[in-house]
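Structure at a glance
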Protein chains: 2
Amino acid sequence: MTSAERSGFSRRGLLIGAAGAGGVAVGATASGLFNAVNADEPAPPPTDVVPFFGAQQAGVATPVQDRLVFASFDVVSDRREDLVAMLKEWTSAAAKLTAGDPVGEVAGHPMAPPEDTGEALGLPAANLTLTVGFGPSLFDQRFGLEAKKPAVLHEIPALPADELDLGRSHGDLCVQACADDAQVAFHAIRNLLRIGRGTVVMRWCQLGFGRSSTTTRSQSTPRNLMGFKDGTNNILSESPADMDAFVWVGDETDQQWMRGGTYVVSRRIRILVESWDRDRLEDQEAVIGRQKVGGGPLTGVRERDVVDLAAKNKQGELVVDTNAHIRLAAPASNDGQKILRRGFNFTDGMDPRTGQLDAGLFFICFQKDPAKQFVAIQRRLGATDLLNEYIKHVASAVFACPPGLREGQWWGQDLFS
Amino acid sequence: MTSAERSGFSRRGLLIGAAGAGGVAVGATASGLFNAVNADEPAPPPTDVVPFFGAQQAGVATPVQDRLVFASFDVVSDRREDLVAMLKEWTSAAAKLTAGDPVGEVAGHPMAPPEDTGEALGLPAANLTLTVGFGPSLFDQRFGLEAKKPAVLHEIPALPADELDLGRSHGDLCVQACADDAQVAFHAIRNLLRIGRGTVVMRWCQLGFGRSSTTTRSQSTPRNLMGFKDGTNNILSESPADMDAFVWVGDETDQQWMRGGTYVVSRRIRILVESWDRDRLEDQEAVIGRQKVGGGPLTGVRERDVVDLAAKNKQGELVVDTNAHIRLAAPASNDGQKILRRGFNFTDGMDPRTGQLDAGLFFICFQKDPAKQFVAIQRRLGATDLLNEYIKHVASAVFACPPGLREGQWWGQDLFS
Ligand code: HEM
Ligand code: HEM
């Protein structure tokens, strides 16, 4: 039974509660309204629903959707019961939302606030995924979770070239909402925030438009705001060996509740687009180490051609610069370590202090050990990456994402029990 | 000949300049790269291109696209020639961009910055429209345009309940970019900004996700962030009589260069979603004057049923409250005046001062006389609209949008000559 059938609700084939015509004074009946919104046409079976339940959380290996709303929350209640109650409610809401259903009645009792805020009525499920994570700060004394803190979960240390805004960094909890429709992703976060009222406050929230990475061969490689294809040499979810070696937490963990989970690192990276746009093509390609249009390595032709980091030109110089981004980020330069990148392009309008576009890459990556993977790579990049002339890391966060759920389970169940 | 054929460029069937493989050191040729990006497959004829040239500017009567980037610019050069030169360049760039083409070579000469920033390569035209407007401040002494200022073009006066942020209001020029892909709209504004460097600076920029209105019967009515259908009783572009009576400037104008143009008013309206979401259904429906789910009037059933503002219930009270939004905004309450609404839902994340979502409606409307239409209606709404408890107007702007162009003409040609 889908959650739509269970709840008697579906955003597509729309049913409303008996009292749903509240306020109608002349000639209106619930069934008239029912017809008026076309609920008599049977809803087509949805092809854009990503299953919510499963061994792993969706939103990691899932082919990258087009839009992102990433929200970080701080817990304001000091009662563990409140947090547990909220996580249970969040889970049941998330199951409905990802199925394309409202979290409750949009037009229920006239004297009560609607259970769902309504702006996604009539919109498709849009491949919505909701991915939860627990930040290092959640494991302090407040909720008695000290002993449950994974050994590999720490705030990301200060890294070279960091210029972090604390107000946009960190958090006790996160929910990553990805969907092919921005309004669907926004609606999900808004309704979770509403359910969490009194227990959590939003700490920060980042919108992303345009996936800037790919996690599967079935998608063509999108471009980031530097105009380059991004994600060519990413871990692909078609490579279960890489996913197990680098992304999904396995037996090595000290915390059983994290087995099958992963750790997410987010970095708000501003791209100084005005400077970048003045840089000449040759230099842009040297900075990245790839060709701008085709995406192939400077040592090859086609996008998927293997990079030859040792290749030299006729003058005997390395073709891929010693400090080119793809050289420093490559597994070969990082003890073989890889990460699953799943970032989004963003713009938040204009930076009023500088009059420049506040735009860039909301970098998201998943891995089993942030210190060995993201932090090690970024320590190298932050120090000497040619890209540093054109980017600025302005916010940072890390969260432990538990494994997926079976129906009836709730987010954090194994952590809290 | 399309502009793609003229320029030898097309984002879909991708050609690069002879020097385009700049930086390729090993085994790469321009034609190899050419094949690598699939230019050998003929580009399918685009079905998602809105014609740029025509009697009127696109982006007004055009069916509302899904995403918005609205940018306001101030002129920083005091030379009229600079402004004219920029407007000519903008026009030719806009013609290319709306056709789905880059503004120039993405990979041209290796020693030059790319002419196009590249992030829209491979993306569809996405029904991009670019609509230009000239603000009241452009007609001051700087450019000798005083005598060309239309009599109806003034800054919007202070209105009841306004709480305006000047940094996000006004501007010498605007460009409204609407598209079905946010990255396509962003790419357009970014490249115009780049072309305008030294002549204009960006004053503010607003992103919108999710059209919150409709301008044609061929679209279903979308929902705003209050969860209500928005645009039901809008002027529809299928009604040429209404378009001529209320939107397109006609013989009445004192400025010939504005004949066939229109005036755009933008208002950044925050919705206090947290308060709204706590309001009961019955009150929400009373505030708007319509049913939440179906969108029908409180005096009817179906969405398109005509509102009966005089209808009373059994207790003899008006069914649509004296201060309901649709009563105060209706032509019947405003000397028959109408406006073409074409707004977008927005969220800019969290307001750090309050911890609440900074979300709402980026209200955009088109009309032939802002004072008689938008200002008159908003003066009434700002004073007593029940909606005021849940919204806040935080930014405002008005611009004169000239008529459309024939090929070879440029934005503002009749204004500057
Ligand atoms: C605005 C910031 C960044 C931009 C514009 C950017 C852009 C790119 C581009 C264009 C590529 C080549 C295509 C590909 O293989 O995906 C790439 C590769 C890569 N990037 Fe980044 N990147 C950024 C930040 C980062 C950060 C912060 C990290 C990790 C700390 C990172 C890790 C990687 C890795 C691991 C690769 C693949 C290298 C290889 O094995 O070939 N990038 N990036
Ligand atoms: C956040 C702010 C606003 C919200 C949420 C909102 C919402 C709505 C809704 C739900 C409707 C009914 C459906 C429809 O006919 O489109 C409506 C109608 C209308 N609104 Fe607004 N509105 C807002 C601001 C404004 C403003 C600022 C104006 C103009 C000054 C305006 C002018 C109108 C007009 C003219 C109608 C049609 C009334 C009729 O003839 O039935 N609205 N609005």
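Bear in mind the structure is a predicted one, so any value in this text is a computation, not a measurement.

**Describing the interface of chain B and chain A**
On the chain A side, the residues contacting the 78 residues of chain B number 77 residues. Across the chain B to chain A interface the summed buried area is about 6,300 Å²; carbon plus sulfur atoms make up 64%. Counting across the interface, chain B meets chain A through 2 salt bridges. The salt bridge partner of Asp 277 of chain B is Arg 190 of chain A, with a shortest N-O separation of 2.7 Å. Remark: the boundary between chain B and chain A carries 18 residue pairs in polar contact (both at pLDDT 80 or more). Elements supplying a minimum of two residues to the side of chain B that touches chain A: α2 (30–36), α4 (182–195), β4 (200–209), α6 (273–276), α7 (281–288), β7 (344–351) and β8 (356–367) of chain B. Across the side of chain B that touches chain A, the residue classes tally to 38 nonpolar, 22 polar and 18 charged.

**Side note on the coordination of the iron atom of ligand 2**
Ideal values for angles at a metal depend on the geometry: 109.5 degrees with four tetrahedral donors, 90 or 180 degrees with six octahedral donors. The protein supplies the iron atom of ligand 2 with one donor atom, His 325 of chain B (NE2), which lies at 2.0 Å. With respect to the helices, strands and loops of the structure, His 325 of chain B is situated in helix α8 (residues 325–329).

**Some details on the site of ligand 2**
All names here are of chain B. The environment of ligand 2 is formed by 28 residues, the closest being Gly 231, Thr 232, Asn 233, His 325 and Arg 341. In the environment of ligand 2, an oxygen atom lies 3.1 Å from a nitrogen or oxygen atom belonging to the backbone of Thr 232. One nitrogen or oxygen atom from the side chain of Asn 233 is found 2.8 Å from an oxygen atom belonging to ligand 2. Contributions of two or more residues to the shell around ligand 2 are made by β5 (262–271), α8, β8, α9 (371–384) and β9 (391–401). In terms of residue count, the dominant contributor to the shell around ligand 2 is α9 (4 residues). In terms of residue class, the shell around ligand 2 is made up of 17 nonpolar, 7 polar and 4 charged.

**Observations concerning α7 of chain B**
Residue and element names in this part refer to chain B. Those residues of α7 not exposed but buried are Leu 281, Gln 284, Glu 285, Val 287 and Ile 288. Looking straight down α7, one finds its buried side chains confined to an arc of 155°; they lie on one side. For α7, the secondary structure elements touched by its buried residues are α6 and α8. Looking at the residues trailing α7, positive phi occurs at Gly 289, about 95°.

**Remarks on the UniProt feature "domain: Dyp-type peroxidase C-terminal" (unreviewed entry) in chain A**
Here the UniProt feature "domain: Dyp-type peroxidase C-terminal" (unreviewed entry) sits at residues 221–404 of chain A. From the first C-alpha to the last, residues 221–404 of chain A spans 27 Å; its make-up is 22% helix and 23% strand.

**Notes on the pairing of β7 of chain B**
Counting buried positions along β7 of chain B gives 7 out of 8 residues, so the element sits mostly inside the fold. Hairpin connection between β7 of chain B and β8 of chain B: a loop of 4 residues separates the two successive antiparallel strands, and Gly 355 of chain B in this loop has a positive phi of roughly 75°.

**Overview of the state of the cysteines**
All names here are of chain B. Applying the stated criterion across every chain yields a total of 0 disulfides over all chains. Between Cys 205, a free cysteine, and Cys 174, which holds the nearest cysteine sulfur, the sulfur-to-sulfur gap is 12 Å. Judged by relative accessible area, which is 14%, Cys 205 ranks as buried.

**Some remarks on the packing of helix α3 (residues 80–98) of chain A against helix α4 (residues 182–196) of chain A**
All names here are of chain A. Contact geometry for α3 and α4: axes closest at 10 Å, N-to-C directions at 155°. The angle between α3 and α4 places the two elements in the roughly antiparallel class. Every pair of crossing elements has a handedness; the one defined by α3 and α4 is right-handed. Contact residues: Met 86, Glu 89, Trp 90, Ala 93 and Leu 97 in α3; His 187, Ala 188, Leu 192, Ile 195 and Gly 196 in α4. Looking at side-chain class alone, the contact of α3 with α4 contains 7 nonpolar, 2 polar and 1 charged residues.

**Structural notes on the pairing of strand β7 (residues 344–351) of chain A**
Inspection of the sheet shows β7 of chain A paired to strand β8 (residues 356–367) of chain A by 6 bridges, in the antiparallel sense. Looking at the pairing, Thr 347 of chain A lines up with Ala 359 of chain A of β8 of chain A.

**Quick word on the side chain of Thr 131 of chain A**
Residues and elements named next belong to chain A. Residue position: Thr 131 is located in strand β2 (residues 129–134). The exposure class assigned to Thr 131 is buried, which follows from its relative accessible area of 3%. A distance of 2.7 Å separates the side chain of Thr 131 from the backbone oxygen of Ala 58, its partner in a polar contact. If we skip the residues at most four places from it in the chain, Thr 131 touches Gln 57, Ala 58, Gly 59, Val 60, Cys 174, Val 175 and Gln 176.

Reading guide: rules and limits
Each chain carries its own residue numbering, running from 1 in the written order of its sequence. As a convention, the first chain written is A and the first ligand written is 1, with the rest following in written order. Selection of residues for local features in this predicted model requires a pLDDT of at least 70, selection of side-chain atom pairs for listing and counting requires 80 or more, and totals for whole chains, interfaces and linings are taken over all residues. Each side-chain value is worked out from all heavy atoms of the structure, with water and hydrogens disregarded. Any two residues whose heavy atoms approach within 4.5 Å at even a single point are treated as in contact. Once two parts are put together, the accessible area they lose, assessed with a 1.4 Å probe and summed over both, is termed the buried area. Take a side-chain nitrogen of Lys or Arg and a carboxyl oxygen of Asp or Glu: if they are within 4 Å of each other, that pair is a salt bridge. Whenever two N or O atoms come within 3.5 Å, that pair is a polar contact, provided that in protein one can donate a hydrogen and the other can accept it, and provided that, for residues adjacent in sequence, both atoms are side-chain atoms. Going along the chain from the N terminus, every DSSP run of H or I of four or more residues is numbered as a helix, and every run of E of two or more is numbered as a strand. Residues are grouped as follows: Ala, Val, Leu, Ile, Met, Phe, Trp, Tyr, Cys and Pro are nonpolar; Asp, Glu, Lys and Arg are charged; every other residue, Gly included, is polar. Only nitrogen, oxygen and sulfur atoms qualify as donors, provided they sit within 2.8 Å of the metal or within 3.2 Å for Na, K and Ca; with water excluded from the atoms, sites may seem incomplete. Being near a molecule or strand, for a residue, comes down to having at least one heavy atom within 4 Å of it. A simple rule labels every residue: compare its accessible area, found with a 1.4 Å probe on the protein chains alone, to the largest value its type can have, and call it buried under 20%, exposed over 50%, or partly exposed in between. Think of it as the arc spanned by the lines of direction from the helix axis to the C-beta atoms. UniProt positions are given in the numbering used here, feature names are shortened, and annotations may be inferred rather than shown by experiment. Any two strands with at least two DSSP-identified bridges between them are counted as paired. By disulfide we mean two sulfur atoms from cysteines, separated by a distance within 2.5 Å. What counts as an axis is a line fitted to C-alpha atoms, over the stretch in contact for a helix, and the angles between N-to-C directions run from 0 to 180 degrees. Any angle that is under 35 degrees is reported as roughly parallel, and any over 145 degrees as roughly antiparallel; angles of 65 to 115 degrees are reported as roughly perpendicular and all others as oblique. In this scheme, a crossing is called left-handed if the near helix is turned counterclockwise away from the far one by less than a right angle; it is called right-handed if the turn is clockwise.

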